[in-house]
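Observations on the three-dimensional arrangement
As a plain string of letters, each chain reads:
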Amino acid sequence: MNLRIPRLKGLGLVAWLAGILFFLPIAWMVLTSFHSEENAATNPPSFAASLTLDGYRDFFGTAGGASPWPALVNSTVASLASTLFVLVLALPAAYALSIRPVKKWTDVLFFFLSTKMLPVVAGLLPIYLFAKNAGMLDNIWLLVILYTSMNLPIAVWMMQSFLAEVPIAVIEAARIDGARLPTLLARVVAPIAMPGIAATALICFIFSWNELLFARVLSGVVAQTAPVFLTGFITSQGLFLAKVCAASLVVSLPVLAAGFAAQDKLVQGLSLGAVK
């Protein structure tokens, strides 16, 4: 017992050190975003440099640059809409693979997961040609469809394990009371598996928000997303470090806010079924 306490303290110290190491680059990015370009480019960096909001003014276009709001709105629409579609499609699929398992359901899950093994670049040209012939280039709904199809396999895989923990007795009782499948999913299964659903939604939202390759190739001006807008700060004139750090912080805030708001559900969802 006495030997376990120092061991636990040592593990806690290691965890704190690892957390600080992961946090340091973010803290440095935040500090650099409040520096002028001259102070941000100094080597070694100056911790006592004067602070300014010039990087944020440049990002939000108050100094005459392009406004980031259309790109932020596009990212919000594409991420939220695709996440909603993924949940609507993944919930009945996961229900069929867990509570009402189909034959060879493990093979079905492996097929879903195998679709994520295809390199994204391999499907880029066919999708581009399809979008061009269909007249859907620079269309935000094309990105919604792509993000939904990209995140659906991992969502089904995750939610299958979450729904497998739903008590069968509760579902059978609802059936006896006359609940049909839509009512069963919406009023019985979904509330019980809400931590897992929240964890799945958060991960799908993050994947959609951070996606760059398809958005870069398939969008132009109308459907430009926040990550694509962020790459525009790297020009032939050089890398404006303070402006890039300010832009990176603003673009990261929605993901950080969503993770902070759903942290309790996320922990419950990711640990659901870990201990039986």
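Cut-offs and rules
For every chain, the first residue of the written sequence is number 1, and numbering continues from 1 along that sequence. Restriction of local features to residues with pLDDT of at least 70 applies here, the model being predicted, together with a cutoff of 80 or more for giving and counting side-chain atom pairs; totals for whole chains, interfaces and linings are based on all residues. Side-chain metrics in this entry use all non-hydrogen atoms of the structure; hydrogen atoms and water are not considered. Secondary structure counts use DSSP, requiring at least four H or I residues in a row for a helix and at least two E residues in a row for a strand, with both numbered from the N terminus. Each residue gets one of three labels from its accessible area relative to the maximum for its type: buried under 20%, exposed over 50%, partly exposed in between, using a 1.4 Å probe on protein chains only. The contact rule is simple, with two residues in contact once any of their heavy atoms fall within 4.5 Å. For this analysis, a ring pair means two rings from Phe, Tyr or Trp (six-membered ring only for Trp) whose centres lie within 6.5 Å, classed as stacked if their planes differ by under 30 degrees, edge-to-face if by over 60, and tilted for the remaining angles. We count a salt bridge whenever a side-chain nitrogen from Lys or Arg sits within 4 Å of a carboxyl oxygen from Asp or Glu. Here the axes come from fitting lines to C-alpha atoms, over the contacting stretch only for helices, and the angles between their N-to-C directions go from 0 to 180 degrees. In what follows, roughly perpendicular refers to angles from 65 to 115 degrees, roughly parallel to angles under 35, roughly antiparallel to angles over 145, and oblique to any angle outside these ranges. Polarity classes work like this: nonpolar for Ala, Val, Leu, Ile, Met, Phe, Trp, Tyr, Cys and Pro, charged for Asp, Glu, Lys and Arg, and polar for all others, with Gly in that last group. To form a nonpolar core, buried Ala, Val, Leu, Ile, Met, Phe, Trp, Tyr and Cys residues must be joined to one another through side-chain atoms within 4.5 Å.

Our next topic: the overall build of the protein. Broken down by element type, the protein carries 14 helices and two strands. Out of the 276 residues belonging to the protein, those deemed buried represent 35%. Partitioning the intrachain contacts of the protein with sequence separation of at least 6 by distance along the chain shows that 76% fall at a separation of at least 24.

Below, the discussion takes up the packing of aromatic side chains. One pass over the full model with this rule turns up five aromatic pairs. Taking 5.1 Å as the distance between ring centres and 45° as the angle between the ring planes, the aromatic pair formed by Phe34 and Tyr56 counts as tilted. Taken as a pair, Phe34 in the loop between α1 (4-33) and α2 (37-40) and Tyr56 in helix α3 (residues 54-59) lie far apart in primary sequence, 22 residues in all. Note on Phe34: relative accessible area 28%, which makes it partly exposed. In textbook terms, an aromatic cluster arises when at least three aromatic residues are bridged by ring pairs, as seen for Phe59, Phe60, Trp69 and Phe229.

What follows concerns the pattern of salt bridges. The full count for this structure, using the stated rule, is two salt bridges. Two residues, Arg57 and Asp54, come together in a salt bridge whose shortest N-O distance is 2.8 Å. In this pair, Arg57 and Asp54 both sit in helix α3, three residues apart, roughly one turn of the helix. Salt-bridge contacts for Glu172 lead to Arg175; the nearest nitrogen and oxygen are separated by 3.1 Å. One end of the pair, Glu172, and the other, Arg175, are both in helix α8 (residues 168-176), three residues apart, so they sit about a helical turn from each other.

With respect to the element layout, Ile206 can be found in helix α10 (residues 194-210). Between the C-alpha atom of Ile206 and that of Gly259, which follows or precedes it by 53 residues, the distance is 9.0 Å.

Running from N to C, α10 and helix α13 (residues 241-261) point in directions that differ by 175°, and their axes come no closer than 10 Å. Here α13 runs roughly antiparallel to α10, going by the angle between their axes. In this structure, α10 contributes Leu202, Phe205, Ile206, Trp209 and Asn210 to the contact, and α13 contributes Val251, Pro254, Val255, Ala258 and Gly259. Considered class by class, the residues forming the contact of α10 with α13 number eight nonpolar, two polar and no charged.

As a further point, take the nonpolar core. Of all hydrophobic cores here, the largest spans 25 residues; its most connected members are Leu91, Tyr95, Ile99, Leu163, Ile171 and Val189. Looking at this core, the elements that each hand over two or more residues are α4 (69-98), α7 (140-163), α8, α9 (181-192) and α10. If we skip the residues at most four places from it in the chain, Val189 touches Tyr95, Ile99, Leu163, Ile171 and Leu184. Counting residues in each nonpolar core, the second largest holds 18 residues, with Met29, Phe59, Cys245 and Val250 among its members.

By secondary structure assignment, the location of Met194 is in helix α10. Sequence separation of Met194 and Leu163 is 31 residues, and the distance between their C-alpha atoms is 9.7 Å.

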